[in-house]
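Each chain, written out:
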Amino acid sequence: MSLDTLGARHLSTYDYPYPTSPEFTKFARRGTLFERAISHYPSTTASHMTLFTGRFPIAHDVRSFFSSLAPDVPTLPVLLRRAGYMTAASTEDANVLRTMGFERGFHVYWESHAAPGAPGIQRAVRWLRWRPPEPFFLFVHTYEVHSPYTPRPQDLALVRPRETVRSDDYAARHDGEIRYLDWIVGNLLEQLNGQGLLGRTIVVITSDH
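These figures come from a predicted structure and were not determined experimentally. Throughout this description, residue numbers start from 1 for each chain and increase along the sequence as written. Local features in this predicted model are restricted to residues of pLDDT 70 or higher, and side-chain atom pairs are both shown and tallied only at a pLDDT of 80 or more, whereas totals for entire chains, interfaces and linings draw on every residue. Think of the side-chain values as coming from all heavy atoms in the structure, minus any hydrogens and water.

Visitor: Would you take a moment to explain the overall build of the protein for this structure?
Guide: In this description a helix means any DSSP run of H or I spanning at least four residues, a strand means any run of E spanning at least two, and both kinds are numbered starting from the N terminus. Within the protein, the secondary structure is distributed over 7 helices and 4 strands. Only the C-alpha atoms count toward the radius of gyration. The rule for a globule is 2.2 Å times the residue count to the power 0.38. In terms of overall size, the protein behaves like a compact globule, its C-alpha atoms giving a radius of gyration of 17 Å where 209 residues would be expected to give roughly 17 Å. On the principal axes, the C-alpha backbone points of the protein span a range of 55 × 40 × 30 Å. Accessibility here uses a 1.4 Å probe with only protein chains present; expressed as a share of the type maximum, an area under 20% marks a residue as buried, one over 50% as exposed, and anything in between as partly exposed. In the protein, buried positions account for 49% of the 209 residues. Of the contacts formed within the protein by residues at least 6 apart in sequence, a portion of 62% connects residues at least 24 apart. Working definition of accessibility: Shrake-Rupley area with a 1.4 Å probe, residue cover restricted to the visible protein chains. Surface exposure of the protein reaches about 11300 Å², of which carbon and sulfur atoms provide 54%. Taking the 22 positively charged and 21 negatively charged side chains of the protein as two groups, their mean positions are separated by 5 Å. The contact definition used throughout considers only heavy atoms, calling two residues in contact when any of these lie within 4.5 Å. Counted charges follow a simple rule, with Lys and Arg positive, Asp and Glu negative, and His plus the chain ends left uncounted. By convention, the point assigned to a charge is CZ for Arg, NZ for Lys, CD for Glu and CG for Asp.

Visitor: Where do I start with the nonpolar core in this structure?
Guide: Here is a general trend for soluble globular proteins: nonpolar side chains tend to be buried in one another's company. We call a set of buried Ala, Val, Leu, Ile, Met, Phe, Trp, Tyr and Cys residues a nonpolar core when their side-chain atoms join them within 4.5 Å. Leu3, Leu6, Ile121, Phe136, Leu138, Val185 and Leu188 are the most contacted members of the largest nonpolar core, which has 28 residues in total. Among the secondary structure elements, those contributing two or more residues to this core are helix H1 (22–29), strand S2 (86–91), helix H5 (119–129), strand S4 (136–142) and helix H7 (170–194). Considering every element that reaches this core, the biggest residue donor is H7, with 8 residues. Ignoring sequence-local partners within four residues, the contact set of Ile121 consists of Leu3, Glu92, Val140, Thr142, Leu181, Ile184, Val185 and Leu188. Counting residues in each nonpolar core, the second largest holds 15 residues, with Met49, Leu80, Met100 and Phe137 among its members.

Visitor: For this particular structure, what's the right way to read the pattern of salt bridges?
Guide: It is possible for side chains bearing opposite charge to pair when their charged atoms get close. Whenever Lys or Arg places a side-chain nitrogen within 4 Å of a carboxyl oxygen from Asp or Glu, that contact is recorded as a salt bridge. Counted according to the given criterion, the structure contains 9 salt bridges. Taking the shortest distance from any N to any O, the salt bridge between Glu103 and Arg98 comes out at 3.2 Å. Between Glu163 and Arg160 there is a salt bridge, with the nearest N and O atoms lying 3.5 Å from each other. Arg160 sits in the buried class, given a relative accessible area of 7%. Overlapping salt bridges, with partners in common, bring together Arg98, Glu103 and Glu111 in one network.

Visitor: Even after reading the chapter, I still don't get the side chain of Ser21, so can you show me in this structure?
Guide: Tracing the chain through its elements places Ser21 in the loop between strand S1 (2–3) and H1. Residues in contact with Ser21, not counting those within four places in the same chain, are Leu11, Ser12, Thr13 and Asp182.

Visitor: In this structure, what is going on with the pairing of S4? I would like to understand it.
Guide: Side-chain positions along a regular strand alternate between the two faces of the sheet. Buried residues dominate S4, accounting for 7 of its 7 residues. Neither face of S4 is left uncovered, since the one carrying Phe136, Leu138, Val140 and Thr142 and the one carrying Phe137, Phe139 and His141 both have all their residues buried. In short, DSSP must find at least two bridges between two strands for them to pair. In terms of strand pairing, S1 meets S4 through 2 bridges, oriented parallel. Each residue of the ladder has a partner; that of Ser2, found in S4, is His141. Direction of pairing for S2 relative to S4: parallel, over a ladder of 5 bridges. The residue of S4 that forms the bridge with Ala89 is Phe139.

Visitor: Can you walk me through helix H2 (residues 44–53) in this structure?
Guide: One turn of an α-helix holds 3.6 residues; hence residues three or four places apart share an orientation. Summarising burial for H2: 9 of the 10 residues are buried, a large majority. Those residues of H2 not exposed but buried are Thr44, Thr45, Ala46, Ser47, His48, Met49, Thr50, Phe52 and Thr53. Taken together, the buried residues of H2 touch S1, helix H3 (57–60), helix H4 (76–82) and S4.

Visitor: For this particular structure, what's the right way to read the packing of aromatic side chains?
Guide: To describe a pair of aromatic rings, you give the distance between the ring centres and the angle between the ring planes. Between the rings of Phe, Tyr and Trp (Trp by its six-membered ring), a pair exists once the centres lie within 6.5 Å; its type follows the angle of the planes, with under 30 degrees stacked, over 60 edge-to-face, and the other angles tilted. A full pass over the atoms with the stated rule returns 9 aromatic pairs. Between Phe52 and Phe106, the ring centres sit 6.1 Å apart and the planes meet at 55°, which makes this aromatic pair tilted. With a gap of 54 residues between them, Phe52 in helix H2 and Phe106 in the loop between S2 and strand S3 (108–111) connect regions that are remote in the sequence. Between the NZ or CZ atom of Arg160 and the centre of the ring of Tyr18, over which it lies, the distance is 3.7 Å. The criterion for a charge sitting over a ring is simple: Lys NZ or Arg CZ within 6 Å of the ring centre, and within 35 degrees of the ring normal.

This is the structure in structure tokens:
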């Protein structure tokens, strides 16, 4: 699961003083929390292709809308599909496009276009309700905490309950976005748990840059 532009420094899971990520924290207690991570490129496209290929950006050379992965470069979904996995991706497009090679190896690849409410994660939840055959690999990508920051009032109130937040207080508004994302991710994890899948599924939550 890739949460675009989400920094650890704004997560209460990493001791941020505002309660932005209670669901992340609860999940981290039953898994492994990495305290140091390095993004190999400061943009969505190149960083994600490094995640998919295990190669540095200079090697995979996919760094813009005009780039496309060379056909002979294997990707994680390609290798898993060959191994018998059902592979699916639910993304919020923009910089993770089919035309760049991201679709390669997936049985299904959805792109949600400029819709609020983390549609990438929402579609992934619906896919899990279908109870796909095992083993499966599901890649989820969301721009929910990317600028512009327009949090729901109820989420903003949860993270800054005693403060009046100005319209130019981008840190506070970003925190509100994170709290909503935390709730959405919690729903996805609960879907896995409710189907008895969470205990035998490797769930990786990360960010691209």
